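Here are the chains, one letter per residue:
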Number of protein chains: 2
Amino acid sequence: MNFYNNEPGILIAVDCIIFGFNGESLEILLIKRGIEPERNKWSLMGGFVQSDESPEGAASRVLNKLTGLENVYMEDCGIFGDPGRESHRRVISITYFALIDTLQYQHIISDEYEAKWFPLDEHPTLIFDHEEMITAAKRKLRSKAALYPILFELLPEKFTIPQIASLYECVYNIELDKRNFSRKLLSSGLIIKLKEKDKENSKKGAFFYRLNTEIYKEKIMSFLRYLPSWSMEG
Amino acid sequence: MNFYNNEPGILIAVDCIIFGFNGESLEILLIKRGIEPERNKWSLMGGFVQSDESPEGAASRVLNKLTGLENVYMEDCGIFGDPGRESHRRVISITYFALIDTLQYQHIISDEYEAKWFPLDEHPTLIFDHEEMITAAKRKLRSKAALYPILFELLPEKFTIPQIASLYECVYNIELDKRNFSRKLLSSGLIIKLKEKDKENSKKGAFFYRLNTEIYKEKIMSFLRYLPSWSMEG
């Protein structure tokens, strides 16, 4: 039996689920597809893996083409390869989620694509199985963020504690005990208080913090304790 | 720009990292490769994705061919697609880890391949990047098992508490406080005490338990609390 029988004719693509946080809610970046099939419909941004690049390389290239951003936090979050997922050809798609601070992105938006941020829970119908891709990416984001403090990637360099609390609330769809959350976060050493205050969002103002990147790398597990276990379900 | 430029000539394979637990230690199932390139060298079991199957389908087929087992717990655990990972052709491999109880496997071993269990930390040199695949699978197994009680898949239907404790110790390379572990496990409702005792491994004997599958499905998150967060590092 020739077990390692070659099977050509399968194309390999990547699709990017680009999550953004605008300080208040989670959003997703979608494009209006410029080519057939499904031209002019909303879609995730994707592309085929080229012969000289790895799938991760392809995902970075795609993201960079759309946003101009480099060194963005990305991670693979699922393989979509059912034989019938596209009707006229066989494409296996590897998905990657990216986390970006939407404010940072505004300045370098590309004109080449019709790209738009949508609220994560209120976006237009998407082509193929892209909706399932988003669902899988959300699930991965939740489990990953329970083990590692990756959500800091969605925040600007300077952030307030109310901001990070509201980010966690968005991702897990929960209401946090703010005092408790703040206490645990501060005692983790993960964030460093700055002298400046954010006075835009409250009269009293909230101190800005920045990430302690050394602790971030060392104690990547410490966030485990912040989230109630039931918040990860569903 | 034709962004969706097709790029043929890339082959898609799956490779299976088959973890087994023999009651005492973790093992991995390897095969001696029967075909070129790298004939007669030790390797993970793999195969190409066929045109009528999904990558998960290919992984199940490969596992079934090797072990005869069906409905085995499998999960994708990484994409290996560097252009130079094989010298004469371009293959992107999607890896899946499988968890099986080695005792269950003994009865249905296939003669078609030279397959052998090796201790996880003491196996022969492997071809290509298969060593990295195992490392990535171990990491995924650890984070997944911290969130979900998937390690029960590695146990026989009837198991003792010392058995499950030693499984957790193997996976995380830690020494558990057995009394504490046992207390938390029992209070979770995840396991049901049987009347029978295992008298092979101690004079006093240890009661057998079975998994409460309803609670298993409901409370898949409850294992979060059993493991110290530092045990996940490295």
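Remember, it's a predicted structure, so these values are computed and weren't measured experimentally.

Cut-offs and rules
- Residues numbered from 1 in each chain as written.
- Chains lettered and ligands numbered in written order.
- Predicted model: local features only at pLDDT ≥ 70, side-chain atom pairs only at ≥ 80, totals over all residues.
- Heavy atoms only, no water.
- Helix = DSSP H or I, 4+ residues; strand = E, 2+ residues; numbered from the N terminus.
- Buried < 20%, exposed > 50% of the residue type's maximum accessible area, 1.4 Å probe, protein only.
- Contact = heavy atoms within 4.5 Å.
- Areas by Shrake-Rupley, 256 points an atom, 1.4 Å probe, with all protein chains shown as cover.
- Salt bridge = Lys/Arg side-chain N within 4 Å of Asp/Glu carboxyl O.
- Domains from an automatic or database assignment.
- Buried area = accessible area lost by both parts, 1.4 Å probe.
- Arc of directions from axis to C-beta.
- Expected span 1.5 Å × (residues − 1).
- Phe/Tyr/Trp six-rings, centres within 6.5 Å; stacked < 30°, edge-to-face > 60°.

Participant: Please provide a residue-by-residue account of the overall build of chain A, values included.
Facilitator: Scanning chain A from N- to C-terminus turns up 6 helices and 10 strands. Of all 234 residues assigned to chain A, the portion counted as buried reaches 57%. Sequence separation of at least 24 residues holds for 68% of the intrachain contacts in chain A that already meet a minimum separation of 6. Accessible surface, chain A as shown: approximately 11300 Å² in total, 46% of it carbon and sulfur.

Participant: So what's going on with the pattern of salt bridges? Residues and values would help.
Facilitator: Residue and element names in this part refer to chain A. All chains considered together, the criterion is met by 18 salt bridges over all chains. Residue Lys-41 is joined to Glu-38 by a salt bridge in which the shortest nitrogen-to-oxygen separation is 2.9 Å. Of the charged contacts in the structure, one is a salt bridge between Glu-196 and Lys-158, with a shortest N-O distance of 2.7 Å. Within this pair, whereas Glu-196 is found in strand E9 (residues 191–198), its partner Lys-158 is found in the loop between helix H3 (130–147) and strand E8 (159–160), the two being separated by 38 residues in sequence.

Participant: How would you explain the domain arrangement of chain A if you had to name every residue and give the values?
Facilitator: Residue and element names in this part refer to chain A. Each assigned domain of chain A is listed with its residue range as follows: domain 1 (11–145) and domain 2 (153–224). Of note, the centres of domain 1 and domain 2, computed from C-alpha atoms alone, are 27 Å apart. In this complex, domain 1 contributes 14 residues to the contact, which on the side of domain 2 involves 13 residues. Summing the contributions of domain 1 and of domain 2, the shared interface buries around 1200 Å²; its carbon and sulfur component is 65%.

Participant: Give a detailed account of helix H5 (residues 178–187) of chain B, specifying residues and quantitative values.
Facilitator: Residue and element names in this part refer to chain B. Looking at H5, one finds that the buried residues are Phe-181, Ser-182 and Leu-185. Down the axis of H5, the sector holding all buried residues measures 95°, keeping them to one side. More than 90 degrees from the buried face of H5, the exposed residues found are Arg-179, Arg-183 and Ser-187. Looking at the buried residues of H5, the elements they touch are helix H4 (161–172) and strand E8 (191–198). Directly after H5, the chain includes Gly-189, whose backbone phi takes a positive value near 75°.

Participant: Describe unusual backbone geometry, with residues and values.
Facilitator: In this structure, Asn71(A) is a non-glycine residue whose phi angle is positive, near 55°. Among the structural elements, Asn71(A) can be located in the loop between helix H1 (55–67) and strand E5 (73–80). In this structure Asn71(A) comes out as exposed when scored by relative accessible area, which is 80%. The backbone of Phe128(B) sits at a positive phi, close to 45°, despite the residue not being glycine. Within the secondary structure layout, Phe128(B) lies in the loop between strand E7 (114–119) and helix H3 (130–147). A relative accessible area of 27% means that Phe128(B) is categorised as partly exposed.

Participant: Describe in detail the side chain of Thr160(A), supporting the description with residues and values.
Facilitator: With respect to the secondary-structure elements, Thr160(A) resides in strand E8. Setting aside anything within four residues of it in sequence, one finds Thr160(A) in contact with Asp198(A), Ala206(A), Phe207(A) and Phe208(A).

Participant: Provide a residue-level description of helix H4 (residues 161–172) of chain A, including the pertinent values.
Facilitator: All names here are of chain A. With 12 residues, H4 should reach 16 Å at 1.5 Å per residue; the first-to-last C-alpha distance of 17 Å fits that figure. Summarising burial for H4: 10 of the 12 residues are buried, a large majority. Of the residues making up H4, those classed as buried are Ile-161, Gln-163, Ile-164, Ala-165, Ser-166, Leu-167, Tyr-168, Glu-169, Val-171 and Tyr-172.

Participant: Please provide a residue-by-residue account of the packing of aromatic side chains, values included.
Facilitator: Counted under the stated rule, the structure contains 12 aromatic pairs over all chains. Between Tyr73(A) and Phe97(A) the ring centres are 6.3 Å apart and the planes differ by 40°, which places this aromatic pair in the tilted class. Note that Tyr73(A) is positioned in strand E5 and Phe97(A) in strand E6 (residues 91–101), a separation of 24 residues in sequence. Tyr73(A) sits in the buried class, given a relative accessible area of 18%. Between Phe19(B) and Phe97(B), the aromatic rings sit 6.2 Å apart at their centres with planes inclined by 55°, giving tilted as the arrangement. Placement of the pair is Phe19(B) in strand E1 (residues 11–21) and Phe97(B) in strand E6 (residues 91–101), with a sequence separation of 78 residues.

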